[in-house]
Amino acid sequence: LGQLASGIAHDFNNALMPIMGYSDLLLTVPNILNDLEKVKKYLEMIRTSSEDAKDVVDRLRSFYKTQSDKEAFIKVDLNNIIHQVVNLTKPRWKDQSLSNGVTIDILTDLNDIPYINGIESELREALTNLILNSVDAIKLNGIIILRTYCNGDTVTVNVIDNGCGMTDAVLSRCFDPFFSTKGEDGTGLGLSVVYGVIQRHKGSIDVKSKPGEGTTFTISFPALKNDIKEKKEQKTTDVYLKPLHILVVDDDPIVREIISEFLEKDGYTYEFSNNGREGLTKFKSNKFDLVITDKAMPDISGDQLASILREISPQTPIIMLTGFGSIMSSAGEIPDTVDCLLSKPLKLQDFRNAIRDVMEKYN
Ligand SMILES: Nc1ncnc2c1ncn2[C@@H]1O[C@H](COP(=O)(O)OP(=O)(O)O)[C@@H](O)[C@H]1O
Ligand SMILES: [Mg+2]
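Predicted model, so just to flag it, every value in this text is computed and none were measured.

The rules we used
- Residues numbered from 1 in each chain as written.
- Chains lettered and ligands numbered in written order.
- Predicted model: local features only at pLDDT ≥ 70, side-chain atom pairs only at ≥ 80, totals over all residues.
- Heavy atoms only, no water.
- Buried < 20%, exposed > 50% of the residue type's maximum accessible area, 1.4 Å probe, protein only.
- Helix = DSSP H or I, 4+ residues; strand = E, 2+ residues; numbered from the N terminus.
- Pairing = 2+ DSSP bridges.
- Right-handed = clockwise from strand over helix to strand, strands pointing away.
- Near = heavy atom within 4 Å.
- Polar contact = N/O pair within 3.5 Å; in protein donor to acceptor, adjacent residues only side chain to side chain.
- Areas by Shrake-Rupley, 256 points an atom, 1.4 Å probe, with all protein chains shown as cover.
- Axes fitted to C-alpha atoms, helices over the stretch in contact; angles between N-to-C directions.
- Phe/Tyr/Trp six-rings, centres within 6.5 Å; stacked < 30°, edge-to-face > 60°.

*Asks:* Go over the pairing of strand S8 (residues 245-249) with me, naming the residues and quoting the values.
*Replies:* S8 sits mainly inside the fold: 5 of its 5 residues count as buried. A two-sided burial pattern is seen for S8, the buried positions comprising His245, Leu247 and Val249 on one face and Ile246 and Val248 on the other. Judged from the 5 bridges that link them, S8 and strand S9 (residues 269-273) form a sheet pairing that is parallel. The residue bridging Val248 from the neighbouring strand is Phe272, located in S9. Once you follow S8 into helix H8 (residues 253-265) and on to S9, the crossover reads as right-handed.

Printed below as a string of structure tokens:
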């Protein structure tokens, strides 16, 4: 588990970086909030990155469940992934480098390429790792070039930098897990993650490097032939339109804030309880159409609350929220006292779907 855990931590930290970087910019750059275009762009990147972080955790979960990986593969435009990754890593290669006296430019040379069959979050993760290695390799001023092209039935991406390069000794070990020349600053996991991603995508990776000149990584993927399935359409939002009065039991103020925004948006009314005991009292003294409860709570847990409520009122739907920690122990199992299990962080779309599904189930 040690290796797995540090791999997860590594991927997770990479996903957190843009979230921290961009929220930092939004909070600290004077007047930035007046530039709505920019605010929207930053928020979009924060969202993409949060989704990636969530995928990292889901990957951990799928380690415990039977692999249903195939479903995660969709038709992917690598050029688009590269655009995203360049933006997502910008706090690192632009702002942070500048403050260390390093100037880095990223040039993109993105050509017409076919789609590939891929997992977007994993591809972003792999490219992020390559870019961050190039950033680390550039000690003063440097350029990173990202190029895509197609030859025959493969799609190729080059990540080229004019950084410090690698000696043959380093080159021969760079893909080894935990091999790093960066001491405290390195985990040595970046390239082994890249390698794993490329393998899962049935691709190949090659690296050329010379000390003092720079490094070129070349990764190739099989191009998608026309007959492969399209990106799964997101279920369109059918908001459950009837008015609902909802009891929400959660002790986390941030979760409550988000849930109240979501519920108000769709015109529902709600009451909050801080804990299971209070929730139970509220439930007995009022009429609710739906209960949403956190799982891990001190005193009465969400599971206990759900089974008590089931006894009192079998016709009231219950949605349970679970946080990070409990994902491992629950491993995706839904307790039979609840109708639906939602994992945090919550996405509006999932939340709406859950409400609609459980309400339709009882009506
Ligand atoms: N673009 C690059 N330029 C120079 N050296 C690199 C580059 N990419 C990887 N390396 C070398 O490979 C090693 C392993 O990389 P990686 O697996 O990402 O771990 P880490 O970045 O944590 O050290 C690095 O420590 C570095 O010595
Ligand atoms: Mg690295």
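*Asks:* Account for the site of ligand 1, naming residues and giving values.
*Replies:* Around ligand 1, the surrounding shell holds 20 residues, and the nearest of these are Asn133, Ser180, Thr181, Lys182 and Leu191. Between ligand 1 and the protein, one listed contact pairs an oxygen atom with a side-chain N or O atom of Lys182 at 2.6 Å. A distance of 2.9 Å separates an oxygen atom of ligand 1 from a polar backbone atom of Gly188. Protein coverage of the free-state accessible area of ligand 1, which is 530 Å², stands at 95%.

*Asks:* Describe the sheet that holds strand S11 (residues 318-322), with residues and values.
*Replies:* Spatially, the 5 strands line up as an open sheet ordered S9-S8-S10-S11-S12, and their pairing is parallel. Sheet topology places S9 and strand S12 (340-343) at the edges, where each strand pairs with a single neighbour. Put simply, the sheet's adjacent strands are angled 20° from each other on average, direction ignored. Pairing of strand S10 (residues 290-294) with S11 involves 4 bridges; the strand directions are parallel.

*Asks:* Can you explain the packing of aromatic side chains? Please cite residues and give values.
*Replies:* Across all of its chains, the model carries 6 aromatic pairs by this definition. With centroids separated by 5.5 Å and ring planes inclined at 50°, the aromatic side chains of Phe262 and Phe351 adopt a geometry described as tilted. Here Phe262, found in helix H8, pairs with Phe351, found in helix H12 (residues 348-362); they are 89 residues apart in sequence, far enough to count as distant. For the pair formed by Phe262 and Phe351, the shared burial category is buried.

*Asks:* So, unusual backbone geometry: which residues are in play, and what are the values?
*Replies:* One non-glycine residue with positive phi stands out, namely Phe178, at about 70°. Judged by relative accessible area, Phe178 falls into the partly exposed class, the value being 43%.

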